[in-house]
Amino acid sequence: MSASLGPSLVLRSNASPRCLTGYISKSKSNTSNSSSAGNDPSNPFDDNPTSSSSSSSDIVYSVAFGTERGSLHFRTYTIDITSAATQGGDASQLLIDAETTIPDGLINLQGAVKGAIVGITLATRYAVGVTQQQQQQQQLVLSDGTNSNLTSPPIFLLLVDDNRGSTTTTTSATDSNSGTYAAHLVIVKNGSFHKLPPAPSSSGGGDGLLDGAANNSSNATTTTPMDKTPSHKRGGSTGGFVGSTSSSGWFGESSNASGSMGMSTPKNSMLATPGNTASNNNATTTASSSSLGSLPRMSCATYHPHTGFVYAAGTGVNGLPPQAVKAVLAGMTTMMNDTSSSGGRGGGSSSSSTYYRRGHGGQGGSGGGSGIGTTTAGLPTSTMMKPPIALYLKCNHVLPPPGVRGGSKNAMTLACSGRVAIVAVTNTFYAVPAFLDVNVLRNQEPAMANIAAASSLMASLPSVSATKLLSFAQSSQVHPVIAIEVLSSNDGSTASSASSGDVMRYLRSVTSLVVLASGRECTTVDIESIPDANAVSTIEKGGTVLGGMVRTAIQSSACRHGIATLPSPIVAAASLTGGSGVGDISSGPLVSLLTADGLVHIRSPLCIAVPLTTIEVGTRPNDYFSLSPLPSLLKHGGGKKTMLATSYGGEARLVCCQAESPQVFADRFIKLSIDAFGPNGFPRLELANSIGSTFSATSYVGPEPTAHKRSLLQQYLEVVLGLADDVRRGGGRLSSMASENIQIYVNQEGGMEVEVNEPNQEHELQAASSSLGPNALLTCTALLCLVCFQVNPPNATLACRASKACASAMGIRRRGDTSVAKSAVTVCELIADRLLKEAAAASFSRLSPSPISPSNRHAPSGASMQFVESAVWLLRSCGCHEKAIFVLEERMNDPALRNASVAGDGQMGNGFAFGWSQIKFDSYIATHLGDLWSSKDEKYCQLVIQSSATRDLLARNPSLGLSIFTSTHPQNLNEWRKMKPGDDPLAHPLYPSKVTELLKLVSPHATSKELLEKVSNDASGSLPLHSGGRALAVAYLESALGISSGRPTESQSDPSYRGEFDERKADMHDELSYLLLEGVISERVDGEKSEDSDLGALYRLKLRRLLSWPNSMIRSERLLTSLPTSFLREHALLLGRLGRHEDALRIFYCDLSSMELALEYCDIRHERKEEEGRKVRSTTPSECAYIPLVKVALNADSDPDRGVAAAIQVLALRRNVIDKSAALRLLPKNVPLSEMTRPFLIPAVVENQSQVRRLSVASALLRSRYMQLKKKLTEAQLKSQASLHTVPALQKLNLGEHLHSSKPTKARLVHPASSPNFPEVLLVKHFFSRHLVIQAQVMNVNSSQAYQDDVRTLTGVAFVVAESSDEALLPTLQVPLKTLPPRATGSAWCVLAASPQRLDGTAFLASELRFTVLEVDAAGAPLTFVEANAPGYGRPFVEELQDLEIRHTEFSRGKTI
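Reading guide: rules and limits
Along each chain, residue indices are assigned from 1 in the same order as the chain's sequence is written. Only residues with pLDDT of at least 70 are given local features in this predicted model, and only at 80 or more are side-chain atom pairs given and counted; all residues enter the totals for whole chains, interfaces and linings. Calculation of side-chain values draws on the structure's entire complement of heavy atoms; hydrogens and water are dropped beforehand. Convention adopted: a line fitted to C-alpha atoms gives each axis, helices being fitted over their contacting stretch, and angles between N-to-C directions are expressed from 0 to 180 degrees. A helix here means a DSSP run of H or I that spans at least four residues, while a strand means a run of E at least two residues long, and both kinds are numbered starting from the N terminus. Each angle gets one of four labels, with under 35 degrees taken as roughly parallel, over 145 as roughly antiparallel, 65 to 115 as roughly perpendicular, and the rest as oblique. It is the rotation of the near helix from the far one that decides the hand of a crossing: anticlockwise by less than a right angle makes it left-handed, clockwise makes it right-handed. Contacts are assigned to residue pairs that have any heavy atoms within 4.5 Å of one another. Classification used: nonpolar for Ala, Val, Leu, Ile, Met, Phe, Trp, Tyr, Cys and Pro, charged for Asp, Glu, Lys and Arg, polar for all others including Gly. Aromatic rings from Phe, Tyr and Trp, taking only the six-membered ring of Trp, are treated as a pair when their centres fall within 6.5 Å; an angle between ring planes under 30 degrees marks them as stacked, one over 60 as edge-to-face, and anything in between as tilted. We call a residue buried when its accessible area falls under 20% of the maximum for its residue type, exposed when it is over 50%, and partly exposed in between, using a 1.4 Å probe and counting protein chains only. Cation placement over rings: the criterion is NZ of Lys or CZ of Arg within 6 Å of the ring centroid and within 35° of the ring normal. For this analysis, a salt bridge means a side-chain nitrogen from Lys or Arg found within 4 Å of a carboxyl oxygen belonging to Asp or Glu. Per residue, pLDDT captures the predictor's confidence, and it can take any value from 0 to 100. For two strands to be treated as a pair, DSSP must find at least two bridges joining them.

Explain the packing of helix α18 (residues 822-839) against helix α19 (residues 865-877) here, please?
Relative placement of two packed helices is described by the angle separating their axes and the distance separating the axes. It is at 9 Å that the axes of α18 and α19 come closest, and there the two elements cross at 160°. If you check the angle between α18 and α19, you find them roughly antiparallel. Viewed along their axes, α18 and α19 form a crossing whose handedness is left-handed. Packed against α18, whose contacting residues are Cys828, Glu829, Ile831, Ala832, Leu835, Leu836 and Ala839, the element α19 presents Phe867, Val868, Ala871, Leu874 and Leu875 at the interface. Of the residues contributing to the contact of α18 with α19, the split by class is eleven nonpolar, no polar and one charged.

Here it is in structure tokens:
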């Protein structure tokens, strides 16, 4: 990878910078730039509604820094990410490529404090409990109608060197907790700096205690009491929503103050830029004290959303005092109340508490502006800023003397989601644990909210002790100590609800990877925070713990891969996180280290000793002192990792890390390999050819190989291959830090959205081949296996994992695959040969000689089978499968290794296993051969069939060996249905028959236990495979045909064999049938009865199942000639397959004298007919399946009376499915009725009557359902045709301009006396410029008084213009009413094409009303359900109406008749 320098950002001021912080924010105003420090109000947090609104696509990079003279400065740099997205680039690159870097917004505060500002810490603006989706979707509505994300004005904690050291007016110089620097809380608001005001106070009560600092008398401060009687409700008392004038909450109670939260300039507040006065701030003073008071002195400080600000001073680690904590939360929570509660643009005021809720304002000010602070619905309580979850209690003297070191930006960090504070004492780093407040997680009152309860709780809590992490050799106090967290596991704290499950997700272990540095040394350490198991168990069971506080413990690992030493002292560091780093190491988390010589070193925290790239930012003497990461600004497009390097001269340089190119990776890889093995210790030329390294890198000689160099190569390859599972896949499942892994992108509406990426575990667990090419993957894995063998002690487990993952990623590679270079295959083969030779106690390998030189260390006594396994996996990866199988066979066939006693973990006493267990070897061989077989490659399939390993495995472990060929077969009905035709197990023209012949020749080695196993008596049971090759062949064919796995039915009888594939399938079916027949015959016991043995009976059951299987494609006539005469049931089944059902039933009934078998045969036939009938509807009825049995019983029985009785028995037993009339006609006429009455007639009549009643009830229910649906459909149809503008048929016509409509007129009949069924009809004429539309409103009531009570339903109601007297009016469309229920009204329509200019005088239209009257019941339901126009459907009527007159003047606009 490489790094490049961008332009310098303008940070010049009246003095040199001493500290800096930067972050991404959204711009809300876009005013013109001004060089004046006091005249430019533009900054990303300006709530002035009169400022012009900027484009929603603008974001700003904000920088705040302090100087050695105590001045404070704020700069903003605008970036148009719309242009970046359009250009497909990164917004950070757009900033780097900018021609000018003059800031858009300038806020300066000269002489803010007395002394140099040495530290500045920003409060994170994401609320605890707000998930990523809520951050994008929950928008706060401003008074001016714009939207804003959940952001707040920036709050900074300043550390000021006032030259007073550890002495203050309130503490003695000997106090161990005295800090070096004074502290101030500052907020940026309305274009100026202010001291953070206190939160609104409530009346009465005592002060709350939130942390150990409040219990420390040495840090006592003079502040105004707040929250003496805290509410037990997070949102206040009843009715305590925002806007309630009497609400009280954890912050206190408002007193009709504006929502500015005391943003006015009090007497002791920081003034704005020169030129700005207090009169410019229109906010009013709150009821609380105007001053927050002084803060404790601090040596170093940091911030985390779960803890708030945490500082270290002397030998203690504490949080801020409670009043300061409340002020910070109030300032971050009420970010939108300033504009809304002040009445918006109207300037009116309203009362609001410190909690806000999402939505529009309810009681705006008199000026009319609506404010979000006065609504009572919207944003849930869990999305508000919560009090600290992790509290550092009883930590006043947790560190050893002389106390904590400070003075640098990264002197302190919070790891494990804020649960662990890491600080340094001289040259030693310590980790301090925190307590977890479960009450806050449950949205309840914090445990330390009341001073009386807090004091008692503090006394009851156990003591806290610091955990020593490590000590560096250098103890110089000149250069700063550095601790930064780069990776952290997900703690589940993004849960938005307070359910018990969410609480338990938070109360789990969290692991972090931390980079520690001092002087010229740096390293990485894994730290795990573990909540108390007893407390967690109690909470999980619904119990409570002391004060709701859960103690945590710390576990830390040793230095990951030792301590790295840089050429110059380290002065600053920054974490550049994001990505997995698999394959391309630059895409993963990185650490940038700034050294005293002005160089920025870019390294991976997972292998920090391996340098990736270096860039010079400062000249000698170097004055750069700070590094700040710049988050990636685009969601898509691979945003580059960017950081900001700041110098004392007021210059800030942007440093961009470019993605690593394959050439850079290849050169670094081969150089690291030469350092580790020497120029001749590995296949250097083959490796260079495979990865394409340059000549200079290949010719690199390097120093003498050392164990340290080999360790570096191992670390590097672990990260490249994604095998550092203790970081990304292990117990901690570490992922990129969400606080820095922020991405900003343009949404579909052109606006800006901020996203905090969650760790994608599936992406992290993907194969390394997704990022590495096949050549790099093979060679990296091979070199890692080699270096694992040569390190001391050897790391066989890592080598095994790497080679196995490589083989899985490469798959079954063919030798002709051009994607893999021959040189890469050669590297794998040579290294595999080396591993086999050096891992063996005696040389068994027959591989070709290797040019690899011997290792520089003595091989351990014996051999490690794990390295043999690694070599085999390497051979599999490069396609040398035959050699891989031979190597294992050779070792396992050696008696000394095969019979070696292997412990439970597969290892001997000296740590090396001399061999595998037999089951492990068999499983490995079966898996390997199965993968080769499933590849369907001709060469590999031939290898599997011809390999001696296959035959040996089948003989030694038949079931495992058989799985080689059956693992790819469908195993259930769903898999058979999803199978593609080409994937049929019998699709190949040769392999099924070859496998069958192979299996038939196998002679399994049966053990005594297997011989004593009981044979199954079920046809679906499996044959004992140890019984011989025949059983193996039968099991294979049953799996391939699908008879044992539920293959769906395809045909009913013997198919007409079409095509070669059907012939092959029939051959396999015949083969199976003959194998089963041979099994029956061979297992028969000699004797008179000729009984089958247990195994023979199982073969017979399987043969009968095959003959009865609907999908069977056996050539029945051929098999019939081969059956012995004693196989009567088998003969019957074959005759049935040939369609000779009476002959088959004659065998069952007469020869076997079994009515049960005959009925079973008929039942199977009946079920198949029913299934076929459901699939294919046939108009021709098929013969009843039981009629042939009745015929056989009547005709074939030697005793006629017994035959009649058998026929009647069939009628009685199957009366519900048999064709009764056909069966009765077959009975002799002289059969007495009494013989059929009791067994057949009476039960049949009773069942028929019961069936009639059931069908009647079902018919009534269906009729009722039909009428309900018909009613809804009719109502919808009437509604759609009720208005001129709702008729679908009219909407499709181009009717032209609507002129007017006439008044409704009643239609009259030409012959009223002869039409008693005529309904009432009103006609309305709608005139258009080119059409005339006549609407007939029909009311289904009888116009005749004598028939008004008749109930009827009309169908097909149509108004028809039969004839027109003028050709200027011609009918073109009719829209009838399909159904008109009784007493309902509907509209029928008739459209006429009109030519008004051709219409002469008056035209007459002869019209008629056509309809059909249906007979209905009292509910209006038709008495019959026949189709329309069918006989008996109803009585049609055609009623002639009086002519309609149409005048040409009616086509004039506005004419009403």
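Having seen the model, we can carry on.
Sorry if this is basic, but what is going on with the packing of aromatic side chains here?
Each aromatic ring pair is specified by the distance between its two centres and by the angle formed by the two planes. What the rule picks out here adds up to 13 aromatic pairs. Ring plane angle 45° and centroid distance 5.7 Å describe the contact between phenylalanine 677 and phenylalanine 682, whose orientation is recorded as tilted. This pair shows no difference in class: phenylalanine 677 is buried, exactly as phenylalanine 682 is. Ring plane angle 45° and centroid distance 5.6 Å describe the contact between phenylalanine 1148 and tyrosine 1161, whose orientation is recorded as tilted. Of this pair, phenylalanine 1148 sits in helix α34 (residues 1141-1151) while tyrosine 1161 is found in helix α35 (residues 1155-1175), placing the two residues 13 residues apart along the sequence. The positively charged end of arginine 419 is found above the aromatic ring belonging to tyrosine 506, 4.7 Å away from the centroid.

Is there a simple way to explain the pattern of salt bridges in this structure?
Tallied over the entire structure, the rule returns 28 salt bridges. A salt bridge links aspartate 983 to lysine 936, with the nearest nitrogen and oxygen atoms 3.0 Å apart. Note that aspartate 983 is positioned in the loop between α26 (973-978) and α27 (991-1000) and lysine 936 in the loop between α22 (918-934) and α23 (938-946), a separation of 47 residues in sequence. In the salt-bridge network here, residues are joined through shared partners; they are Glu1063, Asp1067, Asp1070, Arg1115 and Arg1118.

Please explain the confidence of the model for the protein chain as it appears in this structure.
Atom-level detail of predicted coordinates should not be read off regions where pLDDT is low. In the predicted model, the protein chain carries a mean pLDDT of 74, and 70% of its residues have values of at least 70. When the elements of the protein chain are averaged for pLDDT, strand β7 (residues 140-141) gives the smallest value, 31, and strand β18 (residues 428-433) the largest, 95. Contacts of residues 96-100 to residues separated by more than four positions or lying in other chains number six contacts, the stretch itself having pLDDT below 50. Note that pLDDT drops below 50 for residues 899-914; the model gives that stretch 22 contacts with residues more than four away or on any other chain.

Is there a simple way to think about the sheet that holds strand β17 (residues 420-425) in this case?
Adjacent strands of a sheet form backbone hydrogen bonds with each other and so pair up, either parallel or antiparallel. Taken in spatial order, the four strands make up an open sheet running β16-β17-β18-β20, and their pairing is antiparallel. Single-partner strands in this sheet number two, and they are β16 (413-415) and β20 (467-471). For this sheet, the mean inter-axis angle between neighbouring strands, taken without regard to orientation, is 30°. As defined by bridge partners, β17 adjoins β18 across six bridges and the pair is classed as antiparallel. Following the sheet pairing, isoleucine 422 is matched in β18 by alanine 431.

Looking at this model, I keep getting lost on the sheet that holds strand β27 (residues 590-595). Mind explaining?
The antiparallel open sheet is built from four strands, whose spatial order is β26-β27-β28-β29. Strands with a single pairing partner mark the edges of an open sheet, and in this sheet they are β26 (570-576) and β29 (607-616). Neighbour to neighbour, the strand axes of the sheet diverge by 25° on average, direction disregarded. Of the strand pairs in this sheet, strand β28 (residues 599-604) and β29 are connected by six bridges, and their pairing is antiparallel. By the bridge assignment for β29, valine 600 is matched with isoleucine 615. Its contacts with the sheet place helix α13 (residues 707-720) against β28 and β29, and it is angled at close to 85° to β29.

Is there a simple way to think about the environment of valine 1341 in this case?
Structurally, valine 1341 can be placed in strand β39 (residues 1331-1342). For valine 1341, a relative accessible area of 24% translates into the label partly exposed. Residues valine 1341 and valine 1321 lie 20 residues apart in sequence; the distance between their C-alpha atoms is 9.8 Å. Setting aside residues up to four positions removed in sequence, valine 1341 forms contacts with Phe1318, Pro1319, Glu1320, Arg1352 and Arg1383.

Help me understand the packing of α19 against α22 in this model?
Closest axis-to-axis distance for the α19/α22 pair is 13 Å, and the angle between their directions is 5°. By the angle between their directions, the pair α19 and α22 is classed as roughly parallel. When α19 is examined against α22, the residues Glu869, Val872, Trp873 and Arg876 are found in contact with a partner set consisting of Lys920, Tyr924, His928 and Asp931. Of the residues that constitute the contact of α19 with α22, the class distribution is three nonpolar, one polar and four charged.

Help me understand the pairing of strand β12 (residues 300-304), please; the structure alone is not making it clear to me.
Looking along a regular strand, one sees side chains alternate from face to face of the sheet. Among the five residues in β12, five count as buried, and that is most of the element. The two faces of β12 match: Cys300, Thr302 and His304 on one face and Ala301 and Tyr303 on the other face are all buried. Across five bridges, β12 lies against strand β13 (residues 308-313) in antiparallel orientation. Each residue of the ladder has a partner; that of cysteine 300, found in β13, is alanine 312. Counting the residues between successive antiparallel strands, the hairpin from β12 to β13 contains three residues.

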